[in-house]
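Structural overview for review
Spelled out, the chains give:
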Amino acid sequence: QVQLVESGGGSVQAGGSLRLSCAASGSFFSINTMGWYRQAPGKQRELVATITSDGSTNYADSVKGRFTISRDNAKNTVYLQMNSLKPEDTAVYYCNANAKRRAFTNWASYWGQGTQVTVSS
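A few points on the structure.

Moving on to the overall build of the chain. Assigned secondary structure in the chain consists of zero helices and 11 strands. Element order for the chain, N to C, with α for helix and β for strand: β-β-β-β-β-β-β-β-β-β-β. Principal axes of the C-alpha set define a box for the chain whose edges measure 50 × 25 × 20 Å. For the chain, the proportion of its 121 residues judged to be buried stands at 41%.

Okay, structure coming up:
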């Protein structure tokens, strides 16, 4: 099984910054894409940013230029640096990873438990 543990959420005023971390642990052969998604109250979960194992990134238009995703493959950890935060960034942020438990198994998607980010105006 693959466990994803997020940290770094909290409350901040508009214009402030937060850094989220997500560490993968457990038994797995390989991790490919890792990413962050968020879900605001009453809304569907949406993509924030993803990063592949070779460092290719993808961002939602709403966070481009403000958020930066990065990862440390040696630590199986993905980060999300969030700058110039806005009240509309308020949501529960979820870490996601695509991983193989064994070399011959299929890729599967795993989720963290979520961390709350609240931005006040």
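It is worth spelling out the packing of aromatic side chains at this point. Using the criterion set out here, one finds one aromatic pair in the structure. The positively charged end of Arg45 is found above the aromatic ring belonging to Trp111, 4.6 Å away from the centroid.

This part takes up the sheet that holds strand E1 (residues 2-7). Ordered by their spatial adjacency, four strands build an open sheet running E1-E3-E8-E7, and the pairing between neighbours is antiparallel. Two strands close off the open sheet at either side, each with one partner strand: E1 and strand E7 (67-72). Averaged over all pairs of adjacent strands, the angle between their axes in this sheet comes to 15°, without regard to strand direction. In this structure, E7 lies alongside strand E8 (residues 77-82), joined through six bridges in antiparallel fashion. Among the inter-strand pairings, Arg71 is bridged to a residue of E8, identified as Val78.

Looking at where Glu6 falls in the secondary structure, it is placed in strand E1. Reaching out from Glu6, the side chain makes a polar contact with the backbone nitrogen of Gln113 at a distance of 3.1 Å.

Moving on, we get to the pattern of salt bridges. Taken as a whole, this structure holds four salt bridges when the rule is applied. With its nearest N and O atoms 2.7 Å apart, the salt bridge here joins Arg38 to Glu46. Classification of Arg38 as buried rests on a relative accessible area of 6%. Take Glu46: its relative accessible area is 37%, and that puts it in the partly exposed class. Two residues, Asp61 and Lys64, come together in a salt bridge whose shortest N-O distance is 3.1 Å.

Turning our eyes to something else, we now look at the environment of Met34. With respect to the helices and strands, the residue Met34 is situated in strand E4 (residues 30-39). Separated by 19 residues in sequence, Met34 and Gly15 have C-alpha atoms that sit 26 Å apart. When neighbours within four sequence positions are excluded, Met34 is seen to be in contact with Cys22, Thr50, Ile51, Ile69, Arg71, Asn76, Val78, Asn96 and Ala97.

It is worth spelling out the nonpolar core at this point. Of all hydrophobic cores here, the largest spans 31 residues; its most connected members are Trp36, Leu80, Met82 and Tyr93. Sorting the residues of this core by element identifies E1, strand E3 (18-26), E4, strand E5 (46-51), E7, E8, strand E9 (91-100) and strand E11 (115-120) as the ones contributing at least two each. Among the elements that take part in this core, E9 stands out by supplying five residues, more than any other. Apart from residues lying up to four places away in sequence, Met82 is in contact with Gly16, Ser17, Leu18, Leu20, Arg66, Phe67, Tyr93 and Val117.

The rules we used
Residues numbered from 1 in each chain as written. Predicted model: local features only at pLDDT ≥ 70, side-chain atom pairs only at ≥ 80, totals over all residues. Heavy atoms only, no water. Helix = DSSP H or I, 4+ residues; strand = E, 2+ residues; numbered from the N terminus. Buried < 20%, exposed > 50% of the residue type's maximum accessible area, 1.4 Å probe, protein only. Phe/Tyr/Trp six-rings, centres within 6.5 Å; stacked < 30°, edge-to-face > 60°. Lys NZ or Arg CZ within 6 Å of the ring centre and 35° of its normal. Pairing = 2+ DSSP bridges. Axes fitted to C-alpha atoms, helices over the stretch in contact; angles between N-to-C directions. Polar contact = N/O pair within 3.5 Å; in protein donor to acceptor, adjacent residues only side chain to side chain. Salt bridge = Lys/Arg side-chain N within 4 Å of Asp/Glu carboxyl O. Contact = heavy atoms within 4.5 Å. Core = buried A, V, L, I, M, F, W, Y, C linked by side-chain atoms within 4.5 Å.

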